[in-house]
Amino acid sequence: MSPAAAPAVDATEIRRRTRELLAAHPPATTERTDFLKARFDAGLAWVHYPVGLGGLDAPRSLQQAVDAELAAADAPDNDPRRIGIGLGMAAPTILGFGTDEQKQRFLRPLWVGEEVWCQLFSEPGAGSDLAALATRAFRDGDDWVVDGQKVWTSSAHVARWAILIARTDPDLPKHRGISYFICDMTDPGVDVRPLRQITGEAEFNEVFLSGVRIPDSHRLGPVGEGWKVAQTTLMNERVSIGGSRIPREGGMIGPVSQTWRNRPDLRTHDTHQRLLTLWVEAEVARLTGERLRQQLVAGQPGPEGSGMKLAFARLNQEISGLEVELLGDEGLLYGDWTMVRPELVDFTGRDAGYRYLRSKGNSIEGGTSEVLLNIVAERVLGLPSEPRNDKDVAWKDLSR
């Protein structure tokens, strides 16, 4: 059925379609992947996406009705924490800039979770100035050949595909000589190496690209306009990190609140006051995130997501610090320093020491807090931009 032929969809129709899905594919007797594929094909994956791409061209707000029906039926989900980069960053970018062939090829296995994605953006030589990236891509017939290094790449060790930005014209200023690609992580020129973190794990990776060949059919957007495409990825990334839907006392505030209730022997007047303050701030952030998601119904995310991601990082670090302090000597214990390469981050299912150490990365990943402060200042508050002397200088002539 073409999008033009799709009937109008309201909450009643959404619930009817969801119940039809459950009747045709009972969760108790249907293999998980088969159920998820059927859900995608029924347009109930992300209802605001086009018909044929997992959606029904319906208002984004109706997704809640689908999720409620499926949760009541104990239907399986697609393990969104494991495939968060694909769902939150790759999918909206492919939808916004991909060809029809790219959308058909990538969105279904991405949503079902058959193919994990990672993000090849950050580089060791570019710091927080992503547009200064040095990874090069040059045209060779119908392919692009990529050489360079990326760093802090979550899920690279399990990813099938990556979203990648590379410099295709060093003679242009840094923001204008970048192109955006879909990279096959199984290419023999891709070398993924673990980066062991302060937690003891190697959740992140560094990725070396040596003669990696990417067909031009895997380019997203026009040549040289990768920075524009990347902005869609980055805005969605910040919303997915800082604005995810959680219940009251969800996230980091939950464990410390539970400790406070269960361990009256640990309480002091000072920690009581600090917990109350942080609880209120966490609730304000949760409700602000809910409002942000409602705004998304009208279009793509804007710079407000940067503010949410800023709050997410600060609150996680302050809350985890309070939890360690509240626990006293117990807070110094750490469960396991074994070097593992996890497939996902579990903030609430680990001990307080893990939460405290892992939250240090929240102000770096998904855009450093310093960069996000500039975005909020300039694009939300309308303050003057910082003076820059590199906007019209060819990338090859910049000091590095």
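Above this text you will find the structure in question.
Here is a short report on the structure shown in this document.

### Some points on the nonpolar core
And step 1. In terms of nonpolar packing, the biggest core is built from 35 residues, with Trp46, Leu107, Trp111, Trp117, Phe121, Ile165 and Tyr180 touching the most fellow members.
And step 2. For this core, the secondary structure elements donating two or more residues are helix H2 (32–41), helix H4 (84–97), helix H5 (100–112), strand S4 (161–167), strand S5 (178–184) and helix H6 (226–242).
And step 3. Per element, the largest residue contribution to this core is six residues, and it comes from H4.
And step 4. Ignoring anything within four residues of it in the chain, the contact list for tryptophan 46 reads Phe40, Leu53, Gly54, Gly55, Gln63, Leu87, Ala91, Leu107, Leu110 and Trp111.

### Concerning the packing of aromatic side chains
And step 1. Summed over all chains, the structure comprises nine aromatic pairs.
And step 2. Ring centres of phenylalanine 40 and tryptophan 111 lie 6.3 Å apart, and the angle between their planes is 45 degrees; on these two criteria the pair is classed as tilted. One end of the pair, phenylalanine 40, is in helix H2; the other, tryptophan 111, is in helix H5, with 71 residues separating them in the sequence.
And step 3. Phenylalanine 40 sits in the buried class, given a relative accessible area of 3%.
And step 4. A relative accessible area of 4% places tryptophan 111 in the buried class.
And step 5. Ring geometry for phenylalanine 106 versus tryptophan 161: centroids 5.1 Å apart, planes at 80 degrees, classification edge-to-face.

### Some thoughts on the side chain of arginine 358
And step 1. Relative to the helices and strands, arginine 358 is located in helix H10 (residues 352–358).
And step 2. Given a relative accessible area of 4%, arginine 358 falls into the buried group.
And step 3. At 2.8 Å, the side chain of arginine 358 forms a polar contact with the side chain of glutamate 203.
And step 4. Once residues lying within four places of it in the same chain are set aside, the contact partners of arginine 358 are Gln197, Thr199, Glu203, Phe204, Val345, Phe347 and Glu365.

### Describing H4
And step 1. Here H4 spans 19 Å end to end across 14 residues, near enough to the 20 Å set by a 1.5 Å rise per residue.
And step 2. Taking the largest bend as the criterion, H4 deviates by roughly 40 degrees, centred on alanine 90, and proline proline 92 comes between one and four positions later.
And step 3. Of all the 14 residues making up H4, ten are buried; the element is thus mostly covered by neighbouring parts of the structure.
And step 4. Buried within H4 are the following residues: Ile85, Gly86, Leu87, Gly88, Met89, Ala90, Ala91, Pro92, Thr93 and Ile94.

### Some details on the pairing of S5
And step 1. Within S5, six of the seven residues are buried, which leaves it mostly tucked inside the rest of the structure.
And step 2. Judged from the seven bridges that link them, S4 and S5 form a sheet pairing that is antiparallel. When the sheet's bridge partners are listed, arginine 167 is paired in S5 with isoleucine 178.
And step 3. Across two bridges, the pairing between S5 and strand S8 (residues 219–220) is antiparallel.

### Some words on the packing of helix H1 (residues 11–24) against helix H3 (residues 63–72)
And step 1. Between H1 and H3, the shortest axis-to-axis distance is 9 Å and the interhelical angle comes to 35 degrees. Crossing geometry of H1 relative to H3 is assigned as right-handed. Every residue of H3 that contacts H1 at Ile14, Arg15, Thr18, Arg19, Leu21 and Leu22 is listed here: Ala65, Val66, Glu69 and Leu70.
And step 2. When its residues are assigned to classes, the contact of H1 with H3 shows six nonpolar, one polar and three charged.

### Considerations on the pattern of salt bridges
Pairing between side chains of opposite charge can happen when the charged atoms of each approach one another.
And step 1. The tally for this structure, following the rule as stated, stands at 33 salt bridges.
And step 2. Arginine 16 is the salt-bridge partner of glutamate 13, the closest N and O atoms lying 2.6 Å from each other. Within this pair, glutamate 13 and its partner arginine 16 are both found in helix H1, separated by three residues, close to a single helical turn.
And step 3. Exposure remark for glutamate 13: the relative accessible area of 16% places this residue in the buried category.
And step 4. Overall, arginine 16 belongs to the partly exposed group, its relative accessible area being 39%.
And step 5. Among the charged side chains, a salt-bridge network with shared partners connects Glu13, Arg16, Arg17 and Glu20.

Here is what the cut-offs are and how they apply
- Residues numbered from 1 in each chain as written.
- Predicted model: local features only at pLDDT ≥ 70, side-chain atom pairs only at ≥ 80, totals over all residues.
- Heavy atoms only, no water.
- Core = buried A, V, L, I, M, F, W, Y, C linked by side-chain atoms within 4.5 Å.
- Buried < 20%, exposed > 50% of the residue type's maximum accessible area, 1.4 Å probe, protein only.
- Helix = DSSP H or I, 4+ residues; strand = E, 2+ residues; numbered from the N terminus.
- Contact = heavy atoms within 4.5 Å.
- Phe/Tyr/Trp six-rings, centres within 6.5 Å; stacked < 30°, edge-to-face > 60°.
- Polar contact = N/O pair within 3.5 Å; in protein donor to acceptor, adjacent residues only side chain to side chain.
- Expected span 1.5 Å × (residues − 1).
- Bend = angle between axes of the 7 residues up to and from the residue.
- Pairing = 2+ DSSP bridges.
- Axes fitted to C-alpha atoms, helices over the stretch in contact; angles between N-to-C directions.
- Left-handed = near helix turned anticlockwise from the far one by under 90°.
- Nonpolar A, V, L, I, M, F, W, Y, C, P; charged D, E, K, R; others polar.
- Salt bridge = Lys/Arg side-chain N within 4 Å of Asp/Glu carboxyl O.

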